[in-house]
Amino acid sequence: SQQGEEDPQALSIQEGENATMNCSYKTSINNLQWYRQNSGRGLVHLILIRSNEREKHSGRLRVTLDTSKKSSSLLITASRAADTASYFCATDQIETSGSRLTFGEGTQLTVNP
Amino acid sequence: DTGVSQDPRHKITKRGQNVTFRCDPISEHNRLYWYRQTLGQGPEFLTYFQNEAQLEKSRLLSDRFSAERPKGSFSTLEIQRTEQGDSAMYLCASNLALRNEQFFGPGTRLTVL
């Protein structure tokens, strides 16, 4: 069963705007990862944040992690039409360490040109 | 292209038939994962291998499902006596043990009529 919940389920913005997606989870984690999936395709890893980190940046991506609230956010700055995709958070849980990722249900991002 | 390939990309079958999917991971990766993804949902873990050993199976993996990785390289996932509820995208991923990022293939979309 899915552990994560993502908010919002769908997000539509204009090119150049920032997009923020949130993820909540339920159990203790080693790390949290964000993946992107274009329609009908496989997933592509975007960024990983470890449980002892609070914020991480990669290009136009900024990820925050609050382990006390069991939540994370992904910010995409200066969005482009090519950022249109589904975005999933995935947790590497301590109890299943190394054996699997547990994915949220995803946020469908549409960036309008 | 992540370097993980899956074959076939699409499979349409009739209920009750058997199907087999193949995954070729990145060559140096010793871990290989299978996930299932239904429309609008995040991927759900099915099973994973370290080298040729199948180390964990999800409760989702009923007796009709079997996976192998005979030489620790490519893997096959077989579904016997397919049911309409098996219709989904089957995703394969690989990585090196102790490395958290997973590299996903493009998936095999199964439609059971």
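Residues numbered from 1 in each chain as written. Chains lettered and ligands numbered in written order. Predicted model: local features only at pLDDT ≥ 70, side-chain atom pairs only at ≥ 80, totals over all residues. Heavy atoms only, no water.

Quick notes on the overall build of chain B
Line of reasoning, step 1. If you tally the helices and strands in chain B, you get 0 helices and 11 strands.
Line of reasoning, step 2. For a compact globule of 113 residues, the expected C-alpha radius of gyration is about 13 Å, and chain B comes in at 13 Å, within 12% of that figure.
Line of reasoning, step 3. Across its three principal axes, chain B shows a C-alpha extent of roughly 40 × 25 × 20 Å.
Line of reasoning, step 4. The 113 residues of chain B split such that 47% are buried.
Line of reasoning, step 5. Put simply, chain B shows about 5,800 Å² of open surface, and 44% of that area lies on carbon and sulfur atoms.
Line of reasoning, step 6. With 15 positive and 13 negative side-chain charges, chain B shows a spacing of 4 Å between the two charge centroids. (Helix = DSSP H or I, 4+ residues; strand = E, 2+ residues; numbered from the N terminus. Rg over C-alpha atoms; globule rule 2.2 N^0.38 Å. Buried < 20%, exposed > 50% of the residue type's maximum accessible area, 1.4 Å probe, protein only. Areas by Shrake-Rupley, 256 points an atom, 1.4 Å probe, with all protein chains shown as cover. Lys, Arg positive; Asp, Glu negative; His and termini not counted. Charge placed at Lys NZ, Arg CZ, Asp CG, Glu CD.)

What to know about the state of the cysteines
All names here are of chain A.
Line of reasoning, step 1. For the structure shown, the criterion picks out 2 disulfides over all chains.
Line of reasoning, step 2. Note on cysteine connectivity: C23 is disulfide-linked to C89, with sulfurs 2.0 Å apart. Torsion about the S-S bond of the C23 and C89 cystine: about 70°, corresponding to right-handed handedness. With C23 in strand β3 (residues 19-24) and C89 in strand β9 (residues 85-93), this residue pair connects regions lying 66 residues apart in the sequence. Like C23, the residue C89 is buried in the burial classification. (Disulfide = S-S within 2.5 Å.)

Section: the pattern of salt bridges
Line of reasoning, step 1. Under the definition given, this model contains 7 salt bridges over all chains.
Line of reasoning, step 2. Of the charged contacts in the structure, one is a salt bridge between B:E56 and A:R100, with a shortest N-O distance of 2.3 Å. Here A:R100 lies in the loop between β9 and β10 (102-103) and B:E56 lies in strand β6 (residues 53-57), a pairing that spans two chains.
Line of reasoning, step 3. The shortest N-O distance in the salt bridge between B:E83 and B:R64 comes to 3.4 Å. Of the two residues, B:E83 sits in the loop between β8 (75-79) and β9 (88-95) while B:R64 sits in the loop between β6 and β7 (65-68), which places them 19 residues apart along the sequence. (Salt bridge = Lys/Arg side-chain N within 4 Å of Asp/Glu carboxyl O.)

Describing the sheet that holds strand β1 (residues 5-7) of chain A
Each strand in a sheet pairs with its neighbour through backbone hydrogen bonds, running either in the same direction (parallel) or in the opposite one (antiparallel).
Residues and elements named next belong to chain A.
Line of reasoning, step 1. Read from one edge of the open sheet, 5 strands run β1-β3-β8-β7-β6, paired in antiparallel fashion. The open sheet terminates on both sides in strands that have one partner only, identified here as β1 and β6 (55-58). Direction aside, neighbouring strands of the sheet carry axes that sit 15° apart on average.
Line of reasoning, step 2. Across 6 bridges, the pairing between strand β7 (residues 61-66) and strand β8 (residues 71-76) is antiparallel. From the neighbouring strand, R62 faces β8, where its bridge partner is L75. (Pairing = 2+ DSSP bridges. Axes fitted to C-alpha atoms, helices over the stretch in contact; angles between N-to-C directions.)

Observations concerning the environment of A:H45
Line of reasoning, step 1. Mapped onto the elements of the fold, A:H45 is located in strand β5 (residues 43-50).
Line of reasoning, step 2. When the C-alpha positions of A:H45 and A:S24 are compared, they lie 18 Å apart, and in sequence the two are 21 residues distant.
Line of reasoning, step 3. In this structure, A:H45 is in contact with A:Q33, A:W34, A:Y35, B:E101 and B:Q102, ignoring residues within four places of it in sequence. (Contact = heavy atoms within 4.5 Å.)

Regarding the sheet that holds β8(B)
Residues and elements named next belong to chain B.
Line of reasoning, step 1. Taking strand neighbours across the sheet as the criterion, the 4 strands line up as β1-β3-β8-β7 in an open arrangement whose pairing is antiparallel. Bordering the open sheet on either side are β1 (5-7) and β7, each of which pairs with just one other strand. For this sheet, the mean angle separating the axes of adjacent strands, direction not counted, is 15°.

Comments concerning the side chain of B:R69
Residue and element names in this part refer to chain B.
Line of reasoning, step 1. Residue position: R69 is located in the loop between β7 and β8.
Line of reasoning, step 2. Buried and unpaired, R69 has no salt bridge, with E52 as the nearest side chain of opposite charge at 7.1 Å.
Line of reasoning, step 3. A polar contact of 3.1 Å, which involves the side chain of R69, links it to the backbone oxygen of H29.
Line of reasoning, step 4. R69 has contacts with P25, H29, N30, R31, L32, F49, Q50, N51, E52, F74 and S75, leaving out every residue within four places of it along the chain. (Polar contact = N/O pair within 3.5 Å; in protein donor to acceptor, adjacent residues only side chain to side chain.)

Concerning the interface of chain B and chain A
Line of reasoning, step 1. Tallying the contact residues gives 23 residues for chain B and 22 residues for chain A.
Line of reasoning, step 2. Taking both sides of the interface into account, the surface hidden between chain B and chain A amounts to around 1,700 Å²; carbon and sulfur atoms contribute 46%.
Line of reasoning, step 3. Summed over the three residues of chain B that lose the most area to chain A, namely B:P43, B:N100 and B:F104, the buried surface amounts to 28% of that side.
Line of reasoning, step 4. Counting every contact that joins chain B to chain A gives 1 salt bridge.
Line of reasoning, step 5. Here chain B and chain A share 7 residue pairs in polar contact (both at pLDDT 80 or more) between them.
Line of reasoning, step 6. Counting only elements with at least two residues in the side of chain B that touches chain A, the list comes to β4 (31-37), β5 (44-50) and β9 of chain B.
Line of reasoning, step 7. Ranked by residue count, the leading element in the side of chain B that touches chain A is β4(B), at 4 residues.
Line of reasoning, step 8. Here the side of chain B that touches chain A is built from residues that sort into 9 nonpolar, 8 polar and 6 charged. (Buried area = accessible area lost by both parts, 1.4 Å probe. Nonpolar A, V, L, I, M, F, W, Y, C, P; charged D, E, K, R; others polar.)

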